[in-house]
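Residue strings, one per chain:
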Amino acid sequence: QQGDPVEAPAFLAASYACQRNTPQPGHNTLLTAALSVLAESAELNGDEGRGLAFRRSEGLLRSLDRRVQGLAELRGLPCLGDHSRRVIQDLLENGVSSEVEETKSSPRYKAMKLLTGIFGVGVKTAKRWFTEGICSLAQLETSGHSLNAAQQAGVCYYTDLNQPVSREEADAVSVMVEGVVHSVLPGARVTLAGGFRRGKMSGHDVDFLITHPDEGKEEGLIHKIIACLESRGLLLYQQNTRNTYRESAKGAGRPSSSMDRFERCFSIFKLTNDSSYTADNGTGSGGRPWRAVRVDLVVSPISQFAFALLGWTGSKLFERETRRWAVRERSMSLSSHALYDRNQERYLRASSEEEIFAHLGLEYVSPTGRNA
Ligand code: DCP
Ligand code: MG
């Protein structure tokens, strides 16, 4: 190898994504897009560990404040394993990576992406179908498999749901959700979370967190919201769950589980192309005057709101890394409900995201810097 190793600045060398500021889309989109394909391919194969390794490489590259032009510039940086470095070298030298190109054109990757692109279909189900030779929606339809209600909606609105949601559409959905929430519970607060809170210009869905300043007023709210949405004809599909979270002696609401236990509703909205909504792509497939949009509504008690907001803002890697930091570096368990200090054997309260970062001994990272 040529040249002396260059010492990376401490900020860039930080090995946890939650210690870095990661803007969207970053200065290395050729590299991050390629690593994202390899991560996705590993995830679709059920290989979580390999997927995570590529996600960490991708996150590190996105956090860099300049475009990488040579492999030597990456010396001393964490999160970049040999495999990732080989792919990066290929891309820097040839403009393409043969491994990434092969992955993208492989029948398995294409079929798994198509099948998991159906709302309600996870990796396990897609794998089973692919093994049976199902690679397209047409083959799924003729296969005779009975689909559950979510999957039926997923097939029905497949084209709409695989068209990215624009910022304008997210804003239009916000207006609808705020109108409904305020009509069923005056004083309730609606906050846009997920990728749009991180400043992304498009997303696969729109995520909302709903709370009320008086603890307890939010109980059962999800059912009232759903009833109102349905009465106004705004829902194409919905599946809701009750809040099952209770603080336990073990701390922080089962941090091992990535699912939280809030009252919530996974839904598909009917977004109409009317005066409140002026995006160019305002029609659904088949030229309908409306289109289907995935919306997640989550209701949190005000006492857990800061944790819920941190948990539902993402990115998924940023969340994962924050939890990993908490356990390994601070002996704490963090979830979307609470933060538990295992040494002090008590929950640490917080009424803002800033306070949570402070409890964790992390410098505050604003939502737009959490795009790891
Ligand atoms: N999240 C969570 N638990 C879940 C689902 C999501 O904690 N069961 C968190 C992590 C995500 C955030 O909520 O970053 C939003 O989830 P999305 O899947 O909607 O991801 P994004 O909004 O980040 O991306 P996209 O633009 O694809 O919607
Ligand atoms: Mg989202």
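All values derive from a computational prediction rather than experimental measurement. (Residues numbered from 1 in each chain as written. Chains lettered and ligands numbered in written order. Predicted model: local features only at pLDDT ≥ 70, side-chain atom pairs only at ≥ 80, totals over all residues. Heavy atoms only, no water.)

Novice: Any chance you could explain the overall build of the chain here in plain terms?
Specialist: Secondary structure assignment for the chain yields 16 helices and 10 strands. Computed over its C-alpha atoms, the radius of gyration of the chain comes to 22 Å, within 12% of the 21 Å expected for a compact globule of 372 residues. Over its C-alpha atoms, taken along the principal directions, the chain stretches across nearly 70 × 55 × 40 Å. Considering only residue pairs separated by 6 or more positions, the chain has 67% of its internal contacts joining residues 24 or more positions apart. Working note: accessible area of the chain is about 17,600 Å², and carbon and sulfur atoms make up 50% of it. Distance from the positive charge centre (45 side chains) to the negative charge centre (44 side chains) of the chain: 4 Å. (Helix = DSSP H or I, 4+ residues; strand = E, 2+ residues; numbered from the N terminus. Rg over C-alpha atoms; globule rule 2.2 N^0.38 Å. Contact = heavy atoms within 4.5 Å. Areas by Shrake-Rupley, 256 points an atom, 1.4 Å probe, with all protein chains shown as cover. Lys, Arg positive; Asp, Glu negative; His and termini not counted. Charge placed at Lys NZ, Arg CZ, Asp CG, Glu CD.)

Novice: How should I be thinking about the packing of helix α3 (residues 48-63) against helix α4 (residues 82-94) in this particular structure?
Specialist: In a pair of packed helices, the angle between the axes and the distance between the axes together describe the arrangement. Running from N to C, α3 and α4 point in directions that differ by 55°, and their axes come no closer than 10 Å. By the angle between their axes, α3 is oblique relative to α4. In this structure, α3 crosses over α4, and the sense of that crossing is right-handed. When α3 is examined against α4, the residues Arg50, Phe54, Ser57 and Leu61 are found in contact with a partner set consisting of His83, Ser84 and Ile88. (Axes fitted to C-alpha atoms, helices over the stretch in contact; angles between N-to-C directions. Parallel < 35°, antiparallel > 145°, perpendicular 65-115°, else oblique. Left-handed = near helix turned anticlockwise from the far one by under 90°.)

Novice: Please clarify how the sheet that holds strand β9 (residues 339-341) should be interpreted in this entry.
Specialist: A sheet is described by the order of its strands in space; here three strands give the open sequence β8-β9-β10, paired in antiparallel fashion. The open sheet has two edge strands with one neighbour each: β8 (332-334) and β10 (346-347). Where β9 lies against β10, two bridges are found, and the strand directions are antiparallel. Residue pairing for β10: Asp341 is matched across the bridge by Arg346. (Pairing = 2+ DSSP bridges.)

Novice: Hey, could you run me through the site of ligand 1 in this one?
Specialist: Ligand 1 sits among 15 residues. The nearest are Gly195, Arg198, His204, Asp205 and Lys316. In the environment of ligand 1, an oxygen atom lies 2.9 Å from a nitrogen or oxygen atom belonging to the side chain of Lys316. The fraction of the free accessible surface of ligand 1 (570 Å²) that becomes covered by protein chains is 83%. Of all the secondary-structure elements, those providing two or more residues to the shell around ligand 1 are α12 (194-197) and α14 (305-313). For the shell around ligand 1, a count of residues per class yields two nonpolar, eight polar and five charged. (Near = heavy atom within 4 Å. Polar contact = N/O pair within 3.5 Å; in protein donor to acceptor, adjacent residues only side chain to side chain. Nonpolar A, V, L, I, M, F, W, Y, C, P; charged D, E, K, R; others polar.)

Novice: I keep staring at the coordination of the magnesium ion (ligand 2) and nothing clicks. Help me out?
Specialist: Metal coordination angles have textbook ideals: 109.5 degrees for a tetrahedral set of four donors and 90 or 180 degrees for an octahedral set of six. Taken together, the protein donors to the magnesium ion (ligand 2) comprise Asp205 (OD) and Asp207 (OD), at separations of 2.0 to 2.2 Å. Accessibility assignment for this pair places Asp205 and Asp207 in one class, buried. (Donors = N, O, S within 2.8 Å, 3.2 Å for Na, K, Ca; no water. Buried < 20%, exposed > 50% of the residue type's maximum accessible area, 1.4 Å probe, protein only.)

Novice: I'm lost on the environment of Asn45 in this one. Help?
Specialist: In this fold, Asn45 is placed in the loop between α2 (29-44) and α3. The class of Asn45 is partly exposed, set by a relative accessible area of 36%. With 75 residues separating them in the primary sequence, Asn45 and Gly120 have C-alpha atoms 18 Å apart. Not counting residues up to four positions away in its chain, the partners in contact with Asn45 are Arg108 and Lys127.

Novice: Teacher, can you tell me more about helix α13 (residues 221-231) here?
Specialist: In an α-helix, one full turn covers 3.6 residues, which means residues spaced three or four apart are oriented alike. Residues Leu221, Ile222, Ile225, Ile226, Cys228 and Leu229 constitute the buried set of α13. Seen along its axis, α13 keeps its buried residues to an arc of 165°; they face one direction. In the core, the buried residues of α13 are packed alongside α11 (167-184), β4 (206-211), β5 (235-241), β6 (263-272) and β7 (290-299). (Arc of directions from axis to C-beta.)

Novice: Would you explain the domain arrangement of the chain in this entry?
Specialist: How large an interface is tends to be reported as the accessible area lost when its parts come together. Parsing the chain into structural domains produces domain 1 (10-103), domain 2 (107-148), domain 3 (165-306) and domain 4 (308-369). Just the C-alpha atoms count here: the centres of domain 2 and domain 4 sit 36 Å apart. (Domains from an automatic or database assignment.)

Novice: Which parts of the structure should I look at to understand the packing of aromatic side chains?
Specialist: Geometrically, a pair of aromatic rings is defined through the distance of the ring centres and the angle of the planes. Going through the model one piece at a time under the given rule, you end up with six aromatic pairs. Seen in terms of ring centroids, Tyr16 and Trp325 are 5.2 Å apart; in terms of plane orientation they differ by 90°. Their pairing is edge-to-face. Of this pair, Tyr16 sits in the loop between α1 (10-13) and α2 while Trp325 sits in helix α15 (residues 316-330), and the two are 309 residues apart along the sequence. Given a relative accessible area of 5%, Tyr16 falls into the buried group. A relative accessible area of 8% means that Trp325 is categorised as buried. Plain terms: the ring middles of Phe318 and Phe357 are 6.5 Å apart, the flat faces sit at 50° to each other, and that makes the pair tilted. (Phe/Tyr/Trp six-rings, centres within 6.5 Å; stacked < 30°, edge-to-face > 60°.)

Novice: Can you help me understand the pairing of β6 in this one?
Specialist: Regular strands place their side chains on alternate faces of the sheet. Here β6 lies mainly inside the structure; seven of its 10 residues are buried. Bridge count between β6 and β7: 10 bridges; the pairing is antiparallel. Bridge pairing in β7 links Ile268 to Arg294.

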